[in-house]
Amino acid sequence: ALFGQSDSTSIFDLSLEFQPRFEYRNGYRELAADTSSPAMFVSQRSRLILTYKRKNFKFHTSIQDIRVWGQYGSKSNNGGLGIFEAYAESKFNDHWSIRIGRQGVDLDNGRLFSTAPFSLTAKAHEGLRLMFANAKVQSDLLLFYNQSGEQLFGTSYALTVPNYTTLSVHYFKMRLSKLFSVSTTNAMDGYQSLSSSNTMYMRGTSGGRITLNKKGFFATICGYYQYGQLQSGQPISAFYLQP
């Protein structure tokens with residue numbers, strides 16, 4: 001933190017982040033065609049991060065500006081200022097806490113859920129997270145529900161925003177011994193049909209990871225299975241395995 005102030009009951013932290021990045025792209029996300037030419041640009045992310053803490057309460061917000069140099073011109077009134085994170089967190093006791101608001105989610109090794117810091121915009125979700133942790137066990141329950149605005153009737157979210165409507169996640173991690181640990185992740189996301197707001201397609205992802213860590217030697221095996229339906233209604237059956 002660049003600035004911090006505290007008294008006997010509270011702590012206030014202020015920190016800044018500045019990340020300019022030059023990119024040369026020629027085949028990123030899409031294979032280059034014979035007629036295509038490389039892309040070159042400079043992008044920039046700036047963040048102002050504020051955190052206020054008391055014994056059993058925390059408020060955190062992260063304001064970010066994202067832009068490509070020259071994107072808005074020298075006289076434009078448009079900009080890329082927005083909120084990356086803004087949440088309140090309350091502790092019930094030494095083990096249980098709840099977090100409500102817009103928040104980044106990093107679970108396990110980041111294979112399924114990560115704030116994706118390599119992306120300028122990064123990733124954050126809006127909802128609540130119930131957390132439990134002690135010396136051996138970590139358990140997180142996350143619940144998110146999205147809408148495009150304050151509507152009077154209907155929930156036509158899929159027709160306006162390319163994102164999930166509902167997302168529920170349970171993450172569990174346990175230390176079996178000084179050498180071994182095991183984690184499981186179960187997620188269910190719902191996507192509204194593109195043709196009918198009354199139809200919701202659900203997709204599930206379940207799996208976990210076992211790790212061994214001993215004096216500089218690290219080994220892991222990870223696997224997930226995905227099932228349910230895509231937003232188009234097409235059934236899905238897929239797996240991922242990483243030794």
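Preceding this paragraph is the structure being described.
Everything numeric here is computed off the predicted structure, so don't read it as measured data.

**Section: the overall build of the chain**
Consideration 1: Looking only at helices and strands, one finds 0 helices and 13 strands in the chain.
Consideration 2: When the helices and strands of the chain are placed in sequence order, the string is β-β-β-β-β-β-β-β-β-β-β-β-β.
Consideration 3: Its C-alpha atoms give the chain principal-axis dimensions of about 55 × 55 × 50 Å.
Consideration 4: Taking contacts inside the chain between residues at least 6 apart in sequence as the whole, the part at least 24 apart equals 43%.
Consideration 5: Counting only carbon and sulfur atoms, one obtains 57% of the accessible surface of the chain, whose full area is about 15700 Å².
Consideration 6: If you average the places of the 25 positive and of the 16 negative side-chain charges in the chain, the two averages end up 8 Å apart.

**Thoughts on the pattern of salt bridges**
Consideration 1: Applying the stated criterion across every chain, the model contains 11 salt bridges.
Consideration 2: Glu17 is paired through a salt bridge with Arg47; the nearest N and O atoms lie 3.9 Å apart. On the criterion of sequence distance, the pair formed by Glu17 in strand E2 (residues 10–25) and Arg47 in strand E3 (residues 39–54) is long-range, its members being 30 residues apart.
Consideration 3: Residue Glu17 is classed as partly exposed on the basis of its relative accessible area, which comes to 25%.
Consideration 4: The exposure class assigned to Arg47 is buried, which follows from its relative accessible area of 11%.
Consideration 5: Between Glu89 and Arg99 there is a salt bridge, with the nearest N and O atoms lying 2.8 Å from each other. Here Glu89, found in strand E5 (residues 81–91), pairs with Arg99, found in strand E6 (residues 96–103); they are 10 residues apart in sequence, far enough to count as distant.
Consideration 6: Under the relative-accessibility criterion, Arg99 is labelled buried at 12%.
Consideration 7: A single network of salt bridges, built from pairs that share partners, joins Glu17, Arg45 and Arg47.

Conventions adopted
Residues numbered from 1 in each chain as written. Predicted model: local features only at pLDDT ≥ 70, side-chain atom pairs only at ≥ 80, totals over all residues. Heavy atoms only, no water. Helix = DSSP H or I, 4+ residues; strand = E, 2+ residues; numbered from the N terminus. Contact = heavy atoms within 4.5 Å. Areas by Shrake-Rupley, 256 points an atom, 1.4 Å probe, with all protein chains shown as cover. Lys, Arg positive; Asp, Glu negative; His and termini not counted. Charge placed at Lys NZ, Arg CZ, Asp CG, Glu CD. Salt bridge = Lys/Arg side-chain N within 4 Å of Asp/Glu carboxyl O. Buried < 20%, exposed > 50% of the residue type's maximum accessible area, 1.4 Å probe, protein only.

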